[in-house]
Amino acid sequence: MVVQGNMAAGGPQAKPSRERRGLSCQPAAANAGGGRTAPLAPPRRSAYYKAALLGRESLPLPTVFILNGPNLNLLGVREPAVYGRGTLADIEARCQARAQTLGLEIVFHQTNHEGQLVDWIQQARETADGIVLNAGALTHTSVAILDALSTAGLPVIEVHLSNIFRRERFRHHSYVSLAASGVICGLGAHGYELALEALANLIVNRSGEGGQ
Ligand code: CA2
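Residues numbered from 1 in each chain as written. Predicted model: local features only at pLDDT ≥ 70, side-chain atom pairs only at ≥ 80, totals over all residues. Heavy atoms only, no water.

Looking at this structure, I do not really get the overall build of the protein. What am I missing?
Within the protein one finds seven helices and six strands. Mapped from its N terminus to its C terminus, the protein presents α and β elements in the order β-α-α-β-α-α-β-α-β-α-β-β-α. Within the protein, the proportion of its 212 residues that are buried is 41%. For the protein, long-range pairs separated by at least 24 residues make up 77% of all intrachain contacts whose partners lie at least 6 apart in sequence. Accessible surface for the protein amounts to roughly 10800 Å². Of this, 52% is attributable to carbon and sulfur atoms. (Helix = DSSP H or I, 4+ residues; strand = E, 2+ residues; numbered from the N terminus. Buried < 20%, exposed > 50% of the residue type's maximum accessible area, 1.4 Å probe, protein only. Contact = heavy atoms within 4.5 Å. Areas by Shrake-Rupley, 256 points an atom, 1.4 Å probe, with all protein chains shown as cover.)

I'm lost on the pattern of salt bridges in this one. Help?
Pairing between side chains becomes possible if they bear opposite charge and their charged atoms approach one another. This model, assessed by the stated rule, comprises four salt bridges. The shortest N-O distance in the salt bridge between E168 and R167 comes to 3.9 Å. A relative accessible area of 35% means that E168 is categorised as partly exposed. Several salt bridges share partner residues, and in doing so they unite R167, E168 and R171 into one network. (Salt bridge = Lys/Arg side-chain N within 4 Å of Asp/Glu carboxyl O.)

How should I be thinking about unusual backbone geometry in this particular structure?
Note: most peptide bonds trans; most residues except glycine with negative phi. Of note in the backbone geometry, N71 takes a positive phi value of approximately 75° without being a glycine. Within the secondary structure layout, N71 lies in the loop between β2 (63–68) and α3 (80–83). On the basis of relative accessible area, N71 is assigned to the exposed category, the value being 51%.

Whenever I open this one, the site of the ligand confuses me. Can you help?
Not every one of the 17 residues close to the ligand is listed here, only the nearest: N134, H140, L161, S162 and R171. The separation between an oxygen atom of the ligand and a polar main-chain atom of N71 is 3.4 Å. Most atoms of the ligand, that is more than half of them, are within 2 Å of grid points of the second largest pocket. For the shell around the ligand, the per-class residue count stands at eight nonpolar, six polar and three charged. (Near = heavy atom within 4 Å. Polar contact = N/O pair within 3.5 Å; in protein donor to acceptor, adjacent residues only side chain to side chain. 1 Å grid on protein atoms, 1.4 Å probe; cavity = no way out; pocket = protein on both sides within 12 Å on 5 of 7 lines; lining within 4 Å. Sits in = over half its atoms within 2 Å of the grid points. Nonpolar A, V, L, I, M, F, W, Y, C, P; charged D, E, K, R; others polar.)

Looking at this structure, how should I read the packing of helix α4 (residues 88–102) against helix α7 (residues 190–207)?
The axes of two packed helices give the description: the angle between them and the distance between them. The geometry of α4 relative to α7 is characterised by a closest axis approach of 9 Å and an angle of 30° between their N-to-C directions. Here α7 runs roughly parallel to α4, going by the angle between their axes. Between α4 and α7 lies a crossing of right-handed hand. In this structure, α4 uses I91, R94, C95, R98, A99 and L102 to contact α7, whose residues at the interface are H190, Y192, E193, L196, E197 and A200. Residue composition of the contact of α4 with α7, grouped by class: seven nonpolar, one polar and four charged. (Axes fitted to C-alpha atoms, helices over the stretch in contact; angles between N-to-C directions. Parallel < 35°, antiparallel > 145°, perpendicular 65-115°, else oblique. Left-handed = near helix turned anticlockwise from the far one by under 90°.)

Looking at this structure, I do not really get the pairing of strand β6 (residues 182–185). What am I missing?
The side chains of a regular strand alternate between both faces of the sheet. The side-chain alternation of β6 yields two buried faces, one formed by G182 and I184 and the other by V183 and C185. Bridge count for strand β5 (residues 156–160) against β6 is four bridges, and the pairing is parallel. Bridge pairing in β6 links I157 to G182. (Pairing = 2+ DSSP bridges.)

Looking at this structure, I do not really get the layout of surface pockets. What am I missing?
The gaps left among the atoms become clear once a water-sized probe is rolled over them. A volume near 370 Å³ is recorded for the second largest pocket. As for the second largest pocket, its lining consists of 18 residues, of which P70, N71, L72, Y83 and R171 are closest to the centre. Considering only residue class, the lining of the second largest pocket consists of eight nonpolar, six polar and four charged. (Points joined across faces, edges and corners; volume = space filled by probe spheres on them.)

When you look at the environment of Q96 in this model, what are you seeing that I'm missing?
In this fold, Q96 is placed in helix α4. A sequence separation of twelve residues divides Q96 from F108, and the C-alpha atoms of the two residues are 9.0 Å apart.

Next up, the structure:
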């Protein structure tokens, strides 16, 4: 079991300054190239984020995209020794139940196509408050997914059902991790529920700060 996270800032209740967390209106990628390129438009923030910034009394529920990559549709059908007997539909049901108790809205997707994941991440940038991502094998290969996550300007929790560090060496490196606030692996379907819990904290802390 491995649970990794950026825990240096003093736990979920701590609310570090914008400067310390590196939060700004511009996604990190906008600063690449020494200012020679035009900056990206800031993300269009969710209804929850805007309402929280305006100090509205009744907030809409924050939305979390839960995205699953290639072959995860086969869960419960093959390789139960590695990935367990549960299906992806079982994971979705568990996420739905946990989201309800946490006060989150979830949008749950699976695809076998890299470009579709990039499209959903771009959509999340405009409408969601956080992303849970199990990119499957694309975790270890996809710079396109890393770039999409880097420009999304959203908290991301990377999840893997299996402990990728007990497996083949090529699974030890993750491009997704470079854009993730935290990584959960080796805990099976429970990892998705833990990721939602972590995101709920990150979203609430983040919305107390200024920005777009
Ligand atoms: O452990 C995970 O969640 C993984 O993201 C799963 C990916 C794998 O490539 C990553 O290294 C770790 C593979 C998903 C394939 O899922 C299957 C499920 C049942 C049968 C065959 C594949």
